[in-house]
Every structure is written in structure tokens, then in C-alpha cells.
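# Summary of structural features
Residues per chain are reported as follows:
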Amino acid sequence: MRVIATGGHVDHGKSTLVRALTGIEPDRWAEERRRGLTIDLGYAWTTLPSGEQVAFVDVPGHERFIGNMLAGLGPAPAVLLVVAADEGWRAQTTEHLAAIDALGLTHGLVVVTRSDLADPAPSLANAVARVGRSSLSGCRAVAVSARTGEGIDELRVALDALVAGLPAPVVDARTRLWVDRSFTIRGAGTVVTGTLGEGTIRAGDELVLHDATGRRRHVTVRGLQSLEQAHDAVAAVARVAVNLRGVPADEVHRGDLLLTPDAWPTTDQLDVRLGSETTERLPLHLMLHVGTHAVEARVRPLGAAAVRLTVPQPLPLVAGDRVMLRDPGSRRIEGAVVVDADPPPLTRRGAAVARAEVVTRQDGRPSLEQEVGRRGAMTVDAALALGAIVPEGERPGPTVVRHGQWLVADAAWQQWAGRLRDALQQKASRQPLEPTLTLEAARAAAEVPDRSLMADLTAYVGLEVREGRVGAPGHRDALPEQVEAGLRALEARLADQPFAAPEQRELQAHGLGPREVAAAVRAGRLLRLDDDVVLLPTGPARAMRVLAGLQQPFTTSEARVALESTRRTVIPLLEHLDGRGWTRRIDGSHREVRR
């Protein structure tokens, strides 16, 4: 299906034209039919000669209903601009064309109606000239009479050509449906309608309803209709009616959205680029129109054609979205494209001017280099949610490297590496016996946003991670010179008397205090048993050779004699051997060597 909005001055025959094309009355309310003008949005549809289905959003032409008109134009990818041959170009025609131009709509038709009441040639020529100065420049123009049917077949052929040239819809994208109506159907419950511009909605889907206050709630799709036909799934682009479970109809309003869960970030600040070249005379507050939503926004000119908009409640917008700014007093309409939906704070003098230069030269899609560079690092999902393109591969950009699900700027990577080196150097100078950091302390010192990045960072810096600690390669074996001398003397003594564990006095005589002993244990040079008994790491194996030669089972006293040691050493040693499964305790006084 394709969706086309109508536009033009009030009473120029838009609804009559839609009725002639579709056979459906687009004016839904009795008041509209009584007064003969469209007040709210109307909908109708038809099948073109090619078999393509097209739905029309009939928007109001009266100046008092400009908000409803903008709500209808907002989600539509194409437009029919209608001009009556007997009245010609009028004020609201200009206003509607300004809105079309502001939205950047490039696909459309000019239709001159009532060709049976006046020569359509002058109106056609005038309309083509005016449209030629807008985003619709070069579009086809057709004259018709909805009353007599003259030109309707030609218009249907032109519509076929128009829809054939529309961009292919993105049906596998995240869903964002701007609600334009909400009502209740007995037996079904809440139903909302809108123009689905991207993605696919399926029966049974869980979606998020985002309302004008910024509140979000989960809802379930009970059923779907498109063109009054039930469907299991509806793909973009389409007019769709969605039956929802989980929300009353009176709590859903025009301008609310249905969103794919966890796929759309929200923002209350936007940096946008205007279509005009100056922002000098912009009011402090303007109405922001996007999709079917309208809200007052505070305007901060940055410079040139760049402004920052602040809205009272966060909206799910991304770079590349087109919005309209309207001044209700002067009726001025400005089109704008969102350049950054997550702009940086402007805290320094001159920051606004510098920011304006970035905004004016950046296109509608966010730059991956700039977004990652500004943050240092961000997840792939966060970049995609902002609308950035993330190419596959280890290096998705000249200055961006991918590490798992993270994108890291080269500059940030270098900063992290420098901070980590500095932190380790400071730790080594303060505690030479323990020149390492825990993995979490290393992450915090380097200011790395996620622990999953530490493996790549430590490898890049040339560090090793062992037992949850980060340090230089071989740091466990490196001991200060004075500690090394005392340790070698103790090792020589224990080599001759392997089970004569040193007392505290002997350790101190060798210059081995608690910290030095702990460093030697970490380096694998000493083995610490319970009760601060210290032996060589080979001690347990040497003890097993002696104990295996005893008559089994053996007592603690027999082990002490055989090992030429003391109870202070033998009891922790035997418990260590039990723990390793080399010996087994039989009762309170006997053990045996496991065979």
C-alpha cells in the first residue's frame, strides 16, 4: 500500500476529488458534511490500474485547522496539492505548500479541480510556477473535474507513476507509529489508527505506548486492520488500525506513539538545521510539529541556520527526522531536519557558535565518527538507536574501532591506555611489593565504561591479568633487591631443613615482614599454610615421599618424628595434605596416604 495526503485551500474540492477516486466519503463527522468542509483528518482508499493500493489522508484546508492539516501531512510520504480552476491559487494553498516544503516532501502531484467550471490552463500554469520553487519542483500537474469525471482516468495513471517512484518502504525497521485517532469498538476495546511509515506490526506484538506526558506503558496488539480488512501483520507503508490490550481509549490521543520496545531513545533537546539561512527573528517559543504530534518548543538560536529546541517532555526522535516549526502569531512555518537528538551541553563561551558550524555542515544522518568521538565510546545498539550507520568489521570508521558490542574512538583508547599506565606506576611507587591493581580498580582508574573492554585494553598496553589483578608481565616474580637477598637465604636454609618452618624472629632477621612474605607467596617462592606457617612450595611433595614410607595408618607424632619437625608445622602441613586429597584422616589421631 501507498499513502498520499491531500493539501490545498478550503473548499477547493479535495474531499470531492478523493470521493471521485475512491467512492468513499472521507469526511467522517456529520458536522463536516453539514458545513461542507473538512475539519479533521479523513481517510479513503482505492486500487490503481496497476493493482497498487493507495490510501488518501484528506487534510483540512481551513486556516483554523492548520494543526490538523500538519498532523495529516507529517507521516505521509507523498501529497496531492489541489487548486480549484475557478478560484486559482489562494492563501491556504500557499500555507499548505509551505508546510509541504518544510517537510521536504519531494513526491507529489498538482491537481487542478473544477475544470468544468473554468479554463484550468491559467491555474495549472500558476501552480506549476509556484510549486517549481518548492521541494515538489518538477512534479506532474493534471486537470480534472470530479463532477463530470473528466481527467480522472489520467489522474489515476499519474498516481500510478507517482507511487512507482516512491522509495521502497523499510519493513524490517523498528516500529514508530504516530497515532492520529483513538476510539473504542464494542467487543474489541481500544483501537488506534495511523500511517505506518516504517517497520511491521503483527498481531500479538508487545509495543510501547509513549504519550504526550512522556509516560510509557506496555500494550499488546490484539488485532490489526488495514483498509477495513483484518490482517495478521501489516508492513509499511500503510494505513493501519491497531486493536490494543492494556490501555483505555480515553488515555490515548493524537500525537501519542506506538514504538518497538527498547529501540527508541527519547530526548528533550534537539539540534536542528532550518531550511532558511537566518535565525535572527525566530521567536523564543514555536510550535513543533512532528508526525501527528504538536508541542511548544523553546528555541535557542546557535547561529546561521542552526537552532537548539527544548521540549517539555522527551520524544523518540533521531537524526534525519524532519520537523516543522510554526509561529501561530505570524503563521510562519519553518522546516527543519534533526541533526543531533542527543546534543552536547553548551557550557563554555563560544560553544553555541562552534556547535552551529557542526550542525550546518552535518547531513541528516548522524556521523558515527562524531557521535563516538564526542562520547569516547558507545554501544553499537546506542549508535543504531540514534540513527547512525554501523558498518560491519573491526574498524567501522577511520577513527573508530569495534570491541565486541562497543565502539571506541582512537583518542579515547589512547587516553584509557595512558591512565592505566599512570595508575600502575603510581601503585608501584607507593607499594613496590604489590604493583598491581584489581581488574575493577584498573577499569575505574582508566575511566573505561565497561569491564568487557578491559581484556583488549590490557593486551594493547602490554599488561597481564592473573587471578583478577592487572600488572606488568612477570610482576609476580619481581621483588625488590633487599627482599630478594633475604628470601634467597631463607630458601637455602629450607632446602636443607624443608619442614623446619621459620619463626617470626628468623623471618625478621632476613628482612621478611608480613608484606614481604605476602609478596613472596604471590610470586610462588613461598607457601603459606595455616597459622602463618611458611615452607617452600616443594614442601608438601617432599613430605609425601617421607609419609608414604611409614606404616599405614600413621599418627601425628609419627609424622612429626619422621619429618623432623614440630607440631606447629606438622599439623597445618597434614591439614594441607588432607585438603589436597593426598592424605586421609581416619580418626582423631590417625591418617593414611591415599593410594
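The residue numbering used here restarts from 1 in each chain and proceeds along that chain's sequence as written. Confidence filtering applies because this is a predicted model: local features only for residues at pLDDT of at least 70, side-chain atom pairs given and counted only at 80 or more, and all residues used for totals across whole chains, interfaces and linings. Here the side-chain values reflect all heavy atoms present in the structure, with hydrogen atoms and water set aside.

## With respect to the overall build of the chain
Applied cut-off: We count a stretch as a helix when DSSP gives it H or I for four or more residues in a row; a strand needs E for two or more, and each element gets its number in order from the N terminus. Note that the radius of gyration is over C-alpha atoms, with the globule rule given as 2.2 Å times the number of residues to the power 0.38. Here the term buried applies to any residue with accessible area under 20% of the maximum for its type, exposed to any over 50%, and partly exposed to those in between, with areas from a 1.4 Å probe on protein chains only. Contacts: residue pairs with any heavy atoms within 4.5 Å of one another. All accessibility values rest on the Shrake-Rupley procedure with a 1.4 Å probe; residue burial counts only the protein chains present in the view. Under this rule, positive means Lys or Arg and negative means Asp or Glu; His and the chain ends count for nothing. Lysine's charge is taken at NZ, arginine's at CZ, aspartate's at CG and glutamate's at CD.
The secondary structure content of the chain amounts to 18 helices and 32 strands. Here the chain has a C-alpha radius of gyration of 38 Å; the compact-globule value for 595 residues is 25 Å, and the former is much larger. In terms of overall dimensions, the chain has a C-alpha envelope of 125 × 60 × 40 Å along the principal axes. Counting only residues that meet the buried cut, the chain has 52% of its 595 residues in that class. Counting contacts in the chain only where the partners sit at least 6 residues apart, residues at least 24 apart contribute 65% of the total. Total accessible area on the chain stands at roughly 27000 Å², and carbon and sulfur atoms take up 48% of it. Of note, the chain has its 72 positive side-chain charges centred 3 Å away from the centre of its 74 negative side-chain charges.

## A word on the pairing of strand 7 (residues 176–185)
A regular strand places its side chains on the two faces of the sheet in alternate fashion. Using the following cut-off: Paired strands are those between which DSSP finds at least two bridges.
Bridging between strand 7 and strand 15 (residues 257–259) involves three bridges; their strand directions are antiparallel. Bridge pairing in strand 15 places L177 opposite L258. Of the strand pairs in this sheet, strand 7 and strand 8 (residues 189–196) are connected by eight bridges, and their pairing is antiparallel. By the bridge assignment for strand 8, I185 is matched with G189. Between strand 7 and strand 8, which pair antiparallel one after the other, the connecting turn spans three residues, and G187 there sits at a positive phi close to 90°.

## Here's the deal with the side chain of S226
Filter applied, for reference: N or O atoms closer than or at 3.5 Å make up a polar contact, with two conditions inside protein: a donor-capable atom paired with an acceptor-capable one, and, for residues adjacent in sequence, both atoms drawn from side chains.
Within the secondary structure, S226 sits in strand 11 (residues 216–226). Taking the relative accessible area as the measure of exposure, S226 reaches 6% and is therefore buried. Within the local environment of S226, its side chain forms a polar contact with the backbone oxygen of R239, the two atoms lying 2.7 Å apart. Setting aside residues no more than four positions away along its own chain, S226 makes contact with M1, H231, V234, A238 and R239.

## Let's talk about the packing of aromatic side chains
What characterises a pair of aromatic rings is the spacing of the ring centres plus the angle enclosed by the ring planes. Filter applied, for reference: Ring geometry is summarised as follows: Phe, Tyr and Trp rings, the Trp one being its six-membered ring, pair when their centres sit within 6.5 Å, and such pairs are stacked at plane angles under 30 degrees, edge-to-face over 60 and tilted between the two. Either the NZ atom of lysine or the CZ atom of arginine qualifies as a charge over a ring when it sits within 6 Å of the ring centre and within 35 degrees of the ring normal.
All chains considered together, the criterion is met by two aromatic pairs. Residues W413 and W416 carry aromatic rings whose centres are separated by 5.7 Å and whose planes lie at 55° to one another, so their mutual orientation is tilted. With W413 and W416 both in helix 10 (residues 410–430), this residue pair falls three residues apart, about one helical turn. We classify W416 as buried; its relative accessible area is 5%. With centroids separated by 6.1 Å and ring planes inclined at 65°, the aromatic side chains of W413 and Y460 adopt a geometry described as edge-to-face. With W413 in helix 10 and Y460 in helix 12 (residues 454–461), the pair connects residues that are 47 residues apart, well separated along the chain. Three or more aromatic residues link up through ring pairs in this structure, and these residues are W413, W416 and Y460. The aromatic ring of W264 is capped on one face by R174, whose charged end is 3.9 Å from the ring centroid.

## Side note on unusual backbone geometry
V237 follows A236 through a cis peptide bond whose omega is -5°. Relative to the assigned elements, V237 resides in the loop between strand 13 (233–235) and strand 14 (238–245). The amide bond that connects Q552 to the next residue, P553, takes the cis arrangement and shows omega of -10°. Checked against the element boundaries, P553 lands in the loop between helix 16 (539–547) and strand 30 (554–555). Located in the positive-phi region is R114, a residue other than glycine, with phi close to 60°. As for its placement among the helices and strands, R114 is situated in the loop between strand 5 (108–113) and helix 5 (120–131).

## With respect to the sheet that holds strand 22 (residues 377–379)
For the record, the criterion: Note on method: axes are straight lines fitted to C-alpha atoms, helices fitted across the in-contact stretch only, with angles between N-to-C directions ranging 0 to 180 degrees.
Taken in spatial order, the three strands line up as 22-24-23 in an open sheet, and their pairing is antiparallel. At either margin of the open sheet sits one strand with a lone partner, and together these are strand 22 and strand 23 (400–403). In this sheet, adjacent strand axes meet at a mean angle of 25° when their direction is disregarded. For strand 23 and strand 24 (residues 406–409), the ladder comprises four bridges, and the chain directions are antiparallel. The residue of strand 24 that forms the bridge with H403 is W406.

## Digging into the sheet that holds strand 31 (residues 583–585)
Within a sheet, adjacent strands bond to each other through the backbone by hydrogen bonds, running parallel or antiparallel. One open sheet accounts for three strands, arranged 30-32-31; its pairing is antiparallel. Every interior strand has two partners, whereas the edge strands, strand 30 and strand 31, have only one. When strand 31 meets strand 32 (residues 590–593), the two strands line up antiparallel, connected through three bridges. The partner of R584 across the bridge, within strand 32, is E592. Docked against the sheet, helix 18 (residues 567–580) engages strand 30, strand 31 and strand 32, running at close to 105° with respect to strand 31.

## Re the pattern of salt bridges
What counts here: The rule for a salt bridge is simple: a side-chain nitrogen of Lys or Arg has to be within 4 Å of a carboxyl oxygen of Asp or Glu.
Here the structure, examined in full by the defined rule, presents 28 salt bridges. The shortest N-O distance in the salt bridge between E154 and R140 comes to 3.9 Å. In this pair, E154 sits in helix 6 (residues 152–164) while R140 sits in strand 6 (residues 140–143), placing the two residues 14 residues apart along the sequence. With a shortest N-O distance of 2.9 Å, D578 and R591 are connected by a salt bridge. On the criterion of sequence distance, the pair formed by D578 in helix 18 and R591 in strand 32 is long-range, its members being 13 residues apart. In this structure D578 comes out as partly exposed when scored by relative accessible area, which is 22%. On the accessibility criterion, R591 (6% relative accessible area) is buried. A single network of salt bridges, built from pairs that share partners, joins D271, R308, D340, D342, R355, E371, R374 and R375.

## With respect to helix 8 (residues 368–375)
Three- or four-residue spacings in an α-helix give side chains the same orientation, since the helix completes a turn every 3.6 residues. Convention followed: Working note: the arc is built from the helix axis to C-beta atom directions.
L368, E371 and V372 are the residues of helix 8 that are buried. Down the axis of helix 8, the buried set is contained in an arc of 90°. They therefore lie on one face. Looking one or two residues beyond helix 8, the residue adopting positive phi is G376, at roughly 90°.

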